[in-house]
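One-letter residues, chain by chain:
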Amino acid sequence: MINEIIALLKETALISTIGGVDIMRSAQMLAAEQFTYFIPLCLAGAYYYALVVLIEYIGKKIEQKVLNNINLIIEQSIVGLAGPSGSGKSTLLRCIQKLEVLDSGSIECDDSTGFVFQDFQLFPHMTVWENLTYAPKLKNKTQNQSDSLLESLGIASKKNDYPSNLSGGQKQRVALARSLMMNPRILLCDEPTSGLDVATIVDVVELLQSVRDMDINPKEIDEPTNYLKNNY
């Protein structure tokens, strides 16, 4: 929500209402007169930065808390969470994965985690193989298992394809393979079957069940109750 407000501020005429455009124009005029751009533009930048910080502060004060007074211990090897939209299921997973900053409290997780996004979040300018090996390269980890993962997930032939050329089920497999590249002990899945047809859902279920054979504990989230009962 906060990022959306800031984007609205930058991309619409709202910025002119609060003087942002005038401040920048004045800074440019002053810089041109004094033949120095550093100080005027720094002042304009400081004004804009202070404005963004203020908006973030106000937004946090008025924004509804999604997770409040949560006390949860997860001990089972496979856990599924089901509930109405907006109840905080995805937010909980993102907090565990440290994709969100906690306002208070703490989360203790002794094992490494991998995350499968609901909308896959594959890099569109990278091939399947490049998507898989990107994180290991950044962390100086081995990339040798990429081919074996693609083979085990049935998409070895798509190694050099781009995400735009993949079906929804294939993208899901790539996202799953990418999350396994860092050898996580716990796999966090945000609606792994969302938006998929029945046949593809069956494939994804089989994939997640096969993950257990790799000694990885999948944690499902935000799936229909009957899906969780029937498959886990």
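In short, a report on the structure. (Residues numbered from 1 in each chain as written. Predicted model: local features only at pLDDT ≥ 70, side-chain atom pairs only at ≥ 80, totals over all residues. Heavy atoms only, no water.)

**A few points about the layout of surface pockets**
Here comes step 1: Size it by volume and the second largest pocket reaches roughly 540 Å³.
Here comes step 2: In terms of lining residues, the second largest pocket is bounded by 18 residues, among which Q97, F115, A135, R178 and M182 are the most central.
Here comes step 3: At the level of elements, β2 (113-116), α6 (128-138) and α8 (168-180) are the ones that each hand at least two residues to the lining of the second largest pocket.
Here comes step 4: Sort the elements by how many residues they give to the lining of the second largest pocket and α6 lands first, with four residues.
Here comes step 5: The class makeup of the residues in the lining of the second largest pocket is nine nonpolar, seven polar and two charged. (1 Å grid on protein atoms, 1.4 Å probe; cavity = no way out; pocket = protein on both sides within 12 Å on 5 of 7 lines; lining within 4 Å. Points joined across faces, edges and corners; volume = space filled by probe spheres on them. Helix = DSSP H or I, 4+ residues; strand = E, 2+ residues; numbered from the N terminus. Nonpolar A, V, L, I, M, F, W, Y, C, P; charged D, E, K, R; others polar.)

**Concerning α8**
Here comes step 1: Spanning 13 residues, α8 covers 19 Å between terminal C-alpha atoms, matching the ideal 18 Å at 1.5 Å per step.
Here comes step 2: Most of α8 is tucked away: 10 of the 13 residues are buried.
Here comes step 3: Considered for burial, the residues of α8 that qualify are G169, Q172, R173, V174, A175, L176, A177, R178, S179 and L180. (Expected span 1.5 Å × (residues − 1). Buried < 20%, exposed > 50% of the residue type's maximum accessible area, 1.4 Å probe, protein only.)

**What about the environment of H125?**
Here comes step 1: As for its placement among the helices and strands, H125 is situated in the loop between β2 and α6.
Here comes step 2: C-alpha of H125 to C-alpha of P163: the two residues are 38 residues apart in sequence and 8.2 Å apart in space.
Here comes step 3: If we ignore the near neighbours within four places in the chain, the residues touching H125 are E130 and Y162. (Contact = heavy atoms within 4.5 Å.)

**Points about the pairing of strand β3 (residues 186-189)**
Here comes step 1: Alternating positions in β3 separate into two faces, I186 and L188 on one and L187 and C189 on the other, with burial throughout.
Here comes step 2: Direction of pairing for β2 relative to β3: parallel, over a ladder of four bridges. Counterpart to G114 in the pairing with β3 is L187. (Pairing = 2+ DSSP bridges.)

**Points about the packing of aromatic side chains**
Here comes step 1: Applying the stated criterion to the full structure yields two aromatic pairs.
Here comes step 2: On the numbers, 4.6 Å between centres and 55 degrees between planes, the contact of F115 with F117 is tilted.
Here comes step 3: Aromatic side chains F123 and Y134 sit 5.2 Å apart centroid to centroid with 70 degrees between the ring planes, which places their arrangement in the edge-to-face category. Residue F123 is found in the loop between β2 and α6, and its partner Y134 is found in helix α6; the two are separated by 11 residues along the sequence.
Here comes step 4: One residue, R178, lies across the ring of F123, its end atom 5.9 Å from the ring centre. (Phe/Tyr/Trp six-rings, centres within 6.5 Å; stacked < 30°, edge-to-face > 60°. Lys NZ or Arg CZ within 6 Å of the ring centre and 35° of its normal.)

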